[in-house]
Amino acid sequence: MKLVKKRLLKHLFYLVIRRIYITYYWKSPRTMPAVNHPHVVEIELTNNCNLNCVHCHRSKMDRKPGNMDLSVFTKLIDEIATYPIAFLRIVGQGESALHPLFPDLMRYASGKSIKIELTTNGTIFDLYSIEEILQWDIDILGISVDGLDKDSYHQIRRGGNYEKLVTNIQTFYSTRNKTNKKYPLVCLRNVIFPDNTTQQLKNFKESWQDSVDMILFNTLTTCQKPVDKQYLSRCRCNELFFEAHIRYDGSVLLCQNQFLYGTNEVIGNMKISSLRQIWKSNRLKEMRMLHYKRDFPQPCKMCFSNNKNLENYTNSRLYNSSKNKIINVLNKFINLT
Ligand SMILES: C[S@@+](CC[C@H](N)C(=O)[O-])C[C@H]1O[C@@H](n2cnc3c(N)ncnc32)[C@H](O)[C@@H]1O
Ligand code: SF4
């Protein structure tokens, strides 16, 4: 428990440092030291999945199915465990719990100074016991529901079972509480669809608030290209400094939204380089400079991230403001014993 509490404090502190760094970088990049490694590392253990959700970009994926090699995973964990601060997000274009070595991977990552968030569609509860999950050192267990009620869930999450998922989440949460564990934090995730009303979202929050620690709404992303005038509101991207995205085959993407616009630019591979080496690559340096000059290349112009003119961006901000996220985390932190 103490380890998790220490990690949380460190991360809150580092978020402030990040903010200060980036504010100065965008003013005067040449006077700022280079960032040696990312803070957030998002990895895909597998691109296999047992569901076929209507909104998921997996259906447009042209990569062959596969699982991350144990050697790539352990190399990555060994490296990021040496960073002063690291946040590992296990997600990607598939269901991580289906990785054939999943428990081994979880055990390997446990007990290190790495904050871990795992996002699942709930399959983890079908494959592993609550006792086993509680033994892994996961800080945040994100469970995507993506349905406001049974009917909408079944329309969206093709192949899922709503009643089983609800029971599993409630049982996991109450068992964790009974064993006096505060972690993993149970974080319910739901994608806002354009036809969802404010009242529906409010009802959803109310119906779940006693069964989980946090409820977060995701932005619905589409491959739809913004129209010309929306390019004007593109902001500089801080992720180019702090976030790495790694696919199951070890390839490191230029950024997380490469897939959406068909660019899929890869800047390195963990099988032959370290993440630190990739973080110093000329391509990343060039991209940061282009963003400094606001000379955004084509994929960035199209990107929805931090584009304040796009409806889905403002929508998610409305229901899921950073302020709310911080309040959630602080509430949890204050309640820690
Ligand atoms: C691709 S899934 C992979 C993890 C796991 N299979 C799951 O469903 O949670 C990661 C997250 O992306 C969300 N997601 C899927 N399609 C999306 C879309 N078009 N826009 C926004 N979020 C999406 C899912 O709800 C989930 O929370
Ligand atoms: S469960 Fe997750 S990865 Fe699988 S299709 Fe649905 S959103 Fe995509």
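Computed from a predicted model, the values in this text were never measured in an experiment.

Digging into the overall build of the protein
Next up, step 1: Summing up its helical and strand segments, the protein has 15 helices and nine strands in all.
Next up, step 2: Pairs at least 24 residues apart make up 75% of the contacts formed inside the protein by residues separated by at least 6 positions.

Describing the site of ligand 2
Next up, step 1: In the region of ligand 2, the neighbouring residues are C49, L51, N52, C53, C56, R58, Q93, G94, E95 and N121.
Next up, step 2: Here the residues of the shell around ligand 2 sort into four nonpolar, four polar and two charged.

Notes on the sheet that holds strand β8 (residues 251–253)
Next up, step 1: With mixed pairing, the nine strands of this open sheet are ordered in space as β6-β5-β4-β3-β2-β1-β7-β8-β9. Edge positions in the sheet fall to β6 (214–218) and β9 (266–269), since each has one partner strand and no second. This sheet shows a mean twist of 25° between the axes of neighbouring strands, independent of strand direction.

Quick notes on the confidence of the model for the protein
Next up, step 1: Scored by pLDDT, the protein has a mean of 86; 85% of the residues are at 70 or more.
Next up, step 2: Counted against residues more than four places away or in other chains, residues 312–319, with its pLDDT under 50, gives 17 contacts.

Considering the site of ligand 1
Next up, step 1: By nearness alone, 18 residues border ligand 1, and H55, C56, N121, S144 and T221 come closest of all.
Next up, step 2: Elements with a contribution of two residues or more to the shell around ligand 1: β3 (114–120) and β5 (185–191).

A closer look at helix α12 (residues 282–292)
Next up, step 1: Of all the residues in α12, the buried ones are L284, M287 and H291. An end-on view of α12 places all buried positions within 60° of arc, on one side of the element. α12 presents N282 and E286 as exposed residues on the side facing more than 90 degrees away from its buried surface.

Points about the pairing of strand β1 (residues 40–43)
Next up, step 1: As paired elements, β1 and strand β2 (residues 86–90) share four bridges and run parallel to each other. When the bridges of β2 are listed, V40 appears paired with F87.
Next up, step 2: Traced from β1 through helix α2 (residues 70–80) to β2, the parallel crossover comes out right-handed.
Next up, step 3: For β1 and strand β7 (residues 243–246), the ladder comprises four bridges, and the chain directions are parallel.

Here we look at the nonpolar core
Next up, step 1: Of all hydrophobic cores here, the largest spans 56 residues; its most connected members are L76 and L88.
Next up, step 2: Setting aside residues up to four positions removed in sequence, L88 forms contacts with V41, I43, I80, A109, I114, K115 and I116.

Cut-off values and rules
Residues numbered from 1 in each chain as written. Chains lettered and ligands numbered in written order. Predicted model: local features only at pLDDT ≥ 70, side-chain atom pairs only at ≥ 80, totals over all residues. Helix = DSSP H or I, 4+ residues; strand = E, 2+ residues; numbered from the N terminus. Contact = placed C-beta atoms within 7 Å. Near = placed C-beta within 6 Å. Nonpolar A, V, L, I, M, F, W, Y, C, P; charged D, E, K, R; others polar. Pairing = 2+ DSSP bridges. Axes fitted to C-alpha atoms, helices over the stretch in contact; angles between N-to-C directions. pLDDT = per-residue confidence, 0-100. Buried ≥ 20, exposed ≤ 12 C-beta atoms within 10 Å, placed from the backbone. Arc of directions from axis to C-beta. Right-handed = clockwise from strand over helix to strand, strands pointing away. Core = buried A, V, L, I, M, F, W, Y, C linked by C-beta atoms within 7 Å.

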